[in-house]
Amino acid sequence: MNHADLVILGGGSGGYACAFRAAQLGLSVTLVEKDKLGGTCLHRGCIPTKALLHAAEVADTARDGDRFGVKSSVEGIDLTAVHAYKDGVVDRLYRGLRGLAEERGVTVVEAAGTLVAPGTVEAGGQRHRGRHVVLATGSYARGLPGLEVGGPVVTSDQALELDTVPERAVVLGGGVIGVEFASVWRSFGAEVTVVEALPRLVPGEDAFASKALARAFRRRGIKVRTGARFERVARDGDAVAVVLDSGERLEADVLLVAVGRGPHSAGHGFEQAGVALDDGYVVTDERLRTSLPGVYAVGDLVRGSQLAHRGFQHGIFVAEDIAGLDPAPVRDADLPRVTYCTPEIASVGLTEEAAAQAYGGAETVTYDLAGNGRSQILGTAGGIKLVRAPGGPVVGVTMVGERVGELVGEAQVICGTRADVDDLARLVHAHPTQNEALGEALLAMAGKPLHAHG
């Protein structure tokens, strides 16, 4: 039996972050991963999808060159070359992670692992004993009852590897994954329809973002059906037809099932070892301790925002907690969120609706990017919405527009520090930048709008 201070089951964002931080703090670490270090985020999620989205942005820029006085056009999309670019990015990051694991002295066991007792994981024909165990097995792409994945019906995993651009695509699900793939395929030339059962796109975001994205998708020619559910799917050779509950029939070459992700808790011995589960999620307290002494869970296994950087921060927190540093718990409300469609959506904190419920009311300001010089240069529309508790600090920021994801760091500081609005409004933002738009919104909230009407 191998012994270590810490045995981690899963090498995705939460698992490897925990391993690296624990090793940095002088703990011995065994990391068990059945696939590749980096997990879903690096190999089938965040990184490859954003590489596709960047290729899509390049296509849009070339297609719209005349708007900027540049004679350019798109002759076609070579998906083989796109995948080579995507896979190259992933491979470089993967090799970097392996190098960091070796440099930090983390023992990586490349095998499927099972929790067989509170401090014991079985993997690779051996038992690995740790003073503490961290469960970090991540999540999987959910399906829908009665809808079998295969052929033209794909999840995001298969969508990343398509060898041709579909002429017609239907996306079931208007959340983050759905709108990102819809955006990519439209930029690559496909006819796309998004079907969302709830009343609006990206339903987890402020209604302001949903409306702005719906307008942008209409301008781009992406069709949207909200408040609609799929009734059945008919396959016809390499094609597929989706019948909605309204009776509408949508023909497509590819049907993407993008209805969210579920916790990957089955098949690892959690329940058998005594770990309490709730609908597949591992039950933890605010310090991410499970029902078993010495056993923690991080990332998508824990109910809440399914974000790679949440798992990453969970992993760091647990390592520091085990090392006795008494870190502050990770709060989902303070986590930044970015949806990388065109246009981007970036947000932190509460929506207007949530703030009104929490504080008995909410004050808002929305600054239109039409007044921002850099946004006009880039040719992007959108806006920044600030939400504050009545007479109090800013508790929510929602931004829509190209590249607004790069502004979310300052937005997190604004919400996380609960700083006085008048103090924030005095901060200087470089000109011309999109960052100025956040400054303008703060000025407006402080009652002294400069480049804004009213």
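Model, not experiment: these values are computed from the prediction. (Residues numbered from 1 in each chain as written. Predicted model: local features only at pLDDT ≥ 70, side-chain atom pairs only at ≥ 80, totals over all residues. Heavy atoms only, no water.)

Caption draft 1: Highlighting the pairing of strand β12 (residues 230–236). Pairing between β12 and strand β13 (residues 239–244): six bridges, direction antiparallel. Pairing of V233 across the sheet is with V242, part of β13. Remark: two residues form the turn of the hairpin made by β12 and β13, two consecutive strands paired antiparallel; G237 in that turn has positive phi of roughly 65°. (Pairing = 2+ DSSP bridges. Helix = DSSP H or I, 4+ residues; strand = E, 2+ residues; numbered from the N terminus.)

Caption draft 2: Looking closely at the sheet that holds strand β9 (residues 168–172). Here we have five strands laid out as an open sheet, ordered β8-β15-β9-β10-β11, and parallel in their pairing. Looking at strand neighbours, the two that pair on one side only are β8 (153–154) and β11 (223–226), the edges of this open sheet. Its contacts with the sheet place helix α6 (residues 176–187) against β9, β10 (191–196) and β15 (254–257), and it is angled at close to 170° to β10. (Contact = heavy atoms within 4.5 Å. Axes fitted to C-alpha atoms, helices over the stretch in contact; angles between N-to-C directions.)

Caption draft 3: Structural view of the packing of aromatic side chains. According to the stated counting rule, one finds three aromatic pairs in the structure shown. A ring pair is formed by Y16 and F312, whose centres lie 6.1 Å apart and whose planes are at 75°; its orientation type is edge-to-face. In this pair, Y16 sits in helix α1 (residues 13–24) while F312 sits in helix α9 (residues 308–322), placing the two residues 296 residues apart along the sequence. Under the relative-accessibility criterion, F312 is labelled partly exposed at 34%. With 5.6 Å between their ring centres and 50° between their planes, F181 and W185 make a pair best called tilted. Within this pair, F181 and its partner W185 are both found in helix α6, separated by four residues, close to a single helical turn. Taken individually, F181 and W185 each receive the classification buried, so the pair is uniform in this respect. Through a chain of ring-to-ring contacts, the aromatic side chains of Y16, F20 and F312 assemble into a single cluster. Here the guanidinium or amino end of R104 rests over the ring plane of F20, the centre of that ring lying 5.3 Å away. (Phe/Tyr/Trp six-rings, centres within 6.5 Å; stacked < 30°, edge-to-face > 60°. Buried < 20%, exposed > 50% of the residue type's maximum accessible area, 1.4 Å probe, protein only. Lys NZ or Arg CZ within 6 Å of the ring centre and 35° of its normal.)

Caption draft 4: Molecular detail of the sheet that holds strand β23 (residues 383–388). Here we have five strands laid out as an open sheet, ordered β20-β21-β24-β23-β22, and antiparallel in their pairing. Among the strands making up the open sheet, the edge pair consists of β20 (337–339) and β22 (363–368). Between one strand axis and the next, the sheet turns through 10° on average, direction left out of account. Pairing analysis gives six bridges linking strand β21 (residues 344–349) to strand β24 (residues 394–401), with the strands arranged antiparallel. By the bridge assignment for β24, E344 is matched with G401.

Caption draft 5: Seen up close, the packing of helix α3 (residues 46–63) against helix α4 (residues 79–103). Running from N to C, α3 and α4 cross one another at 140°; their axes reach a closest spacing of 9 Å. One element, α3, and the other, α4, form an angle in the oblique class. Considering the relative orientation of α3 and α4, their crossing is right-handed. In contact with I47, P48, A51, L52, H54 and A55 of α3, α4 contributes V82, Y85, K86, V89, V90 and L93. Taken together, the residues of the contact of α3 with α4 break down into 10 nonpolar, one polar and one charged. (Parallel < 35°, antiparallel > 145°, perpendicular 65-115°, else oblique. Left-handed = near helix turned anticlockwise from the far one by under 90°. Nonpolar A, V, L, I, M, F, W, Y, C, P; charged D, E, K, R; others polar.)

Caption draft 6: Representation of helix α7 (residues 207–220). Its 14 residues give α7 an end-to-end C-alpha distance of 20 Å, which sits within 8% of 20 Å, the value for a rise of 1.5 Å per residue. Taken as a whole, α7 has its buried residues at F208, A209, S210, A212, L213, A214, A216, F217 and R220. Positive backbone phi, at 85°, marks G221, one or two positions downstream of α7. (Expected span 1.5 Å × (residues − 1).)

Caption draft 7: The arrangement of helix α14 (residues 435–445) in detail. Counting buried positions over the 11 residues of α14 gives 10, a clear majority of the element. Along α14, the residues classified as buried are E436, A437, L438, G439, E440, A441, L442, L443, A444 and M445. Of the residues flanking the end of α14, it is G447, one or two places downstream, whose phi is positive at about 85°.

Caption draft 8: Structural context of the packing of α6 against α7. At a minimum axis separation of 11 Å, α6 and α7 run at an interaxial angle of 20°. With respect to α7, the element α6 is oriented roughly parallel. Crossing geometry of α6 relative to α7 is assigned as left-handed. Residues V179, A182, S183, R186 and S187 of α6 form the contact with α7, whose participating residues are L213, F217 and R220. For the contact of α6 with α7, the per-class residue count stands at four nonpolar, two polar and two charged.

Caption draft 9: Layout of the layout of surface pockets. Considered as a void within the structure, the second largest pocket measures approximately 800 Å³ in volume. Those elements that provide at least two residues to the lining of the second largest pocket are α3, α6, α7 and α11 (373–378). A total of five residues in the lining of the second largest pocket trace back to one element, the largest contributor, which is α7. Partitioning the lining of the second largest pocket into residue classes produces eight nonpolar, six polar and 11 charged. (1 Å grid on protein atoms, 1.4 Å probe; cavity = no way out; pocket = protein on both sides within 12 Å on 5 of 7 lines; lining within 4 Å. Points joined across faces, edges and corners; volume = space filled by probe spheres on them.)

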